[in-house]
Amino acid sequence: YLSVDEGCIPFKGRVHFRCYNPSKIDKYHMKTFKLVDSTNNYCLKFELYVAIDEPTTSEFGKTHDLVIRLLREYMGKSYIIFMKLGNYTS
C-alpha cells in the first residue's frame, strides 16, 4: 500500500518558495509532496514545492503530473494507492 500526501517542514530561512500559513503552529514552512509506504510509514520519495510555474506535460494538469512523477517507479507492480482528494463538502 502506498500513499501520496503533502506535508510541511518548518523553516524560517530565506528562500523564495517558503510558505506562510497563520493558522499553523509553525507559520513559515516548506511544502512537500511525499510518496509513503503505508505499512511502515517509510518515505519512499518526496518532492519539494518551489512555486515555479512549470508547463503541464499532460492534458490532466499539474497534480496529475506530480502524482505520475512520484509513482513512475512503482507503476505496474500491483500497489494500491491512497490519496486525499481535498476538503470538499456536499
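Residues numbered from 1 in each chain as written. Predicted model: local features only at pLDDT ≥ 70, side-chain atom pairs only at ≥ 80, totals over all residues. Heavy atoms only, no water.

## Structural notes on the nonpolar core
Among the nonpolar cores identified, the biggest contains nine residues, and these are L2, V4, F33, L35, L66, V67, L70, L71 and Y74. Contributing elements (two or more residues each) for this core: β1 (2–10), β3 (28–37) and α1 (62–71). The dominant element in this core, judged by the number of residues it contributes, is α1, at four residues. (Core = buried A, V, L, I, M, F, W, Y, C linked by side-chain atoms within 4.5 Å. Buried < 20%, exposed > 50% of the residue type's maximum accessible area, 1.4 Å probe, protein only. Helix = DSSP H or I, 4+ residues; strand = E, 2+ residues; numbered from the N terminus.)

## Some details on the side chain of T32
Relative to the elements of secondary structure, T32 occurs in strand β3. In this view, T32 contacts D5, E6, G7, C8, I9, F46, E47 and L48; residues no more than four positions away in its chain are not counted. (Contact = heavy atoms within 4.5 Å.)

## With respect to the pattern of salt bridges
Counted by the stated rule, this structure contains two salt bridges. Among the salt bridges present, the one from K45 reaches E73, with a minimum N-O distance of 3.5 Å. You can see K45 sitting in strand β4 (residues 42–48) and its partner E73 sitting in the loop between α1 and β5 (81–83), a full 28 residues away along the chain. The partly exposed category is assigned to E73, whose relative accessible area is 47%. Among the ionic pairs, E47 bridges to R69, the shortest N-O distance being 2.6 Å. Separated by 22 residues along the polypeptide, E47 in strand β4 and R69 in helix α1 bring together distant segments of the chain. For E47, a relative accessible area of 25% puts it in the partly exposed group. A relative accessible area of 29% places R69 in the partly exposed class. (Salt bridge = Lys/Arg side-chain N within 4 Å of Asp/Glu carboxyl O.)

## Some details on the packing of aromatic side chains
One pass over the structure, following the stated rule, counts four aromatic pairs. Ring geometry for Y1 versus F82: centroids 5.8 Å apart, planes at 35 degrees, classification tilted. Remark: F82 occurs in strand β5 and Y1 occurs in the segment before β1; sequence separation between them is 81 residues. Since its relative accessible area comes to 47%, Y1 is described here as partly exposed. Over the aromatic face of Y49 sits the side chain of K31, whose NZ or CZ is 5.5 Å from the ring centroid. (Phe/Tyr/Trp six-rings, centres within 6.5 Å; stacked < 30°, edge-to-face > 60°. Lys NZ or Arg CZ within 6 Å of the ring centre and 35° of its normal.)

## Digging into unusual backbone geometry
At N41, a position not held by glycine, the phi torsion is positive, near 60 degrees. Counting through the fold element by element, N41 comes out in the loop between β3 and β4. Overall, N41 belongs to the exposed group, its relative accessible area being 65%. The backbone of S78 sits at a positive phi, close to 60 degrees, despite the residue not being glycine.

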